[in-house]
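# Tertiary structure, described
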Amino acid sequence: MKPPLAPRKRFGQNFLHDPAVLARIVAAIAPDRQDAMIEIGPGRGALTRPLLERLDHLEVVELDRDLIPGLRALAPPERLTIHCADALTFDFAARAPSQGKLRIVGNLPYNISTPLLFHLLEQAGAIRDMHFLLQKEVVERLVAVPGSKRYGRLGVMLAARSDAKQLFTVGPGAFRPAPRVDSAVVRIQPLTAPRVPESLTGPFRQVVNQAFANRRKTLRRALAGLVEPADIAASGIDDGLRPEQLHIADFVALAQAAQQRAERQSGIVSPAPVGARPPDIKQAERT
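Residues numbered from 1 in each chain as written. Predicted model: local features only at pLDDT ≥ 70, side-chain atom pairs only at ≥ 80, totals over all residues. Heavy atoms only, no water.

The next subject is helix α1 (residues 19-29). Because the α-helix completes a turn every 3.6 residues, residues three or four places apart line up on one side. Taken together, the buried positions of α1 are occupied by Val21, Leu22, Ile25, Val26, Ala28 and Ile29. With its buried residues spanning 160° around the axis, α1 presents them on a single face. Away from the buried face of α1 by more than 90 degrees, exposed residues Pro19, Ala20 and Ala27 are located. Measuring from the side-chain oxygen of the N-cap residue of α1 to the backbone nitrogen of Ala20 gives 2.9 Å; that N-cap residue is Asp18. Ala30, located one to two residues past α1, shows a positive phi value of around 50°. (Buried < 20%, exposed > 50% of the residue type's maximum accessible area, 1.4 Å probe, protein only. Helix = DSSP H or I, 4+ residues; strand = E, 2+ residues; numbered from the N terminus. Arc of directions from axis to C-beta. Polar contact = N/O pair within 3.5 Å; in protein donor to acceptor, adjacent residues only side chain to side chain.)

Proximity of charged atoms lets side chains of opposite charge pair with each other. Under the defined criterion, the tally for this structure stands at 12 salt bridges. Taking the shortest distance from any N to any O, the salt bridge between Arg103 and Asp35 comes out at 2.9 Å. With Arg103 in strand β5 (residues 102-107) and Asp35 in the loop between α1 and β2 (36-40), this residue pair connects regions lying 68 residues apart in the sequence. The exposure class of Arg103 is buried, given its relative accessible area of 4%. When the shortest N-O distance is used, the salt bridge between Asp129 and Arg128 registers 3.9 Å. Residue classification places Asp129 among the buried residues on the basis of a relative accessible area of 4%. (Salt bridge = Lys/Arg side-chain N within 4 Å of Asp/Glu carboxyl O.)

Moving on to the sheet that holds β2. In spatial order, the strands read β4-β3-β2-β5-β6-β9-β7; together these seven strands make up an open sheet with mixed pairing. With partners counted over all chains shown, the strands left at the sheet margins are β4 (80-84) and β7 (162-170), one partner each. Mean inter-strand twist for the sheet, computed between neighbouring axes without regard to direction, equals 20°. Here β5 runs beside strand β6 (residues 127-135); their pairing, made up of six bridges, is parallel. Bridge pairing links Asn107 to Leu133 in β6. This element, helix α4 (residues 113-121), spans β2, β6, β7 and β9 (183-190) of the sheet and lies at about 175° to β6. (Pairing = 2+ DSSP bridges. Axes fitted to C-alpha atoms, helices over the stretch in contact; angles between N-to-C directions. Contact = heavy atoms within 4.5 Å.)

Moving on, we get to helix α10 (residues 248-266). The end-to-end C-alpha distance of α10, which contains 19 residues, comes to 27 Å, matching closely the 27 Å that a straight helix rising 1.5 Å per residue would cover. The set of residues buried in α10 consists of Ile248, Ala249, Asp250, Phe251, Val252, Ala253, Leu254, Ala255, Gln256, Ala257, Ala258 and Arg261. Next to the buried residues of α10 lie α6 (153-159), α7 (201-213), α8 (219-222) and α9 (229-234). Count one or two residues on from α10 and you reach Gly267, which has phi positive near 80°. (Expected span 1.5 Å × (residues − 1).)

What follows concerns the confidence of the model for the chain. Mean pLDDT for the chain: 89, with 89% of residues reaching 70 or above. Contacts from residues 1-12, a stretch scored under 50 in pLDDT, to residues over four places away or in other chains number 22 contacts. (pLDDT = per-residue confidence, 0-100.)

Glancing now at the packing of aromatic side chains. Overall, the coordinates contain three aromatic pairs when judged by the stated rule. Between the aromatic rings of Phe90 and Phe92, the centroid separation amounts to 4.9 Å while the plane-to-plane angle is 75°, which identifies the pairing as edge-to-face. With respect to class, Phe90 is no different from Phe92; both count as buried. Connected via pairs of aromatic rings, a cluster forms that spans Tyr151, Phe212 and Phe251. (Phe/Tyr/Trp six-rings, centres within 6.5 Å; stacked < 30°, edge-to-face > 60°.)

Let's shift gears to unusual backbone geometry. With an omega dihedral of -10°, the bond running from Arg176 to Pro177 counts as a cis peptide bond. Among the structural elements, Pro177 can be located in the loop between β8 (175-176) and β9. At Ala30, a residue that is not glycine, the phi angle is positive and equals roughly 50°. Inspection of the secondary structure assignment puts Ala30 in the loop between α1 and β2. Taking relative accessible area as the criterion, Ala30 reaches 39% and is therefore assigned partly exposed.

In structure tokens:
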């Protein structure tokens, strides 16, 4: 019997091995036998095995070709579909069933977690929920609230299309090799109706990116060249605030202001005052 393959640093591999943690993750996912589920980065199959016990069929996406033979030994092809592919470019939406949506799970490599989350959010319409084991600091950024130290671009962009909840923390000893940081399990559920209108997707991204690139500045300075101070005021927002103090409804209102300013400059529409935040964004989000 061959010894297990050593984790590879270039793939950011830290293999989960603690049975108690694995059981807790599976309990949090609560799979039904008919669920359409994809596991990202199965590695040696520590989470794959208990998932197969609860599912009729499972798909996995693994980049490391050397791990594929071990995964194939876990179950026949009719029960386990293996994609040797890069999750950062994988078309998850194409694997969604004609009826229903995908459930995505995985112990994600720390070095790709943020770009992978954005890649998945672009396909959120095909996803029912996601359960990930991530670096604790990343999870704290995902669930951070306005005014907190971890609140930033990642949390705002995630909140535009989903809700996130930290479930529990996992210590370094649950992995081989043990990372130098704590990890945490997070549940991400895409919204049926995104908080940002489709027509504002581009301006919203631009406003959020520029704002947090200048997070130590007031809005008046952070959004210079994108939104005028008068437009910020007309949106009902104090331009003396800093980006980390804003709620998602405020960013939507600023995106609307940026879009209207761009339209006025291009002559697409006649000048018009910037209105209040869109009516579908509840004022309660700011409290």
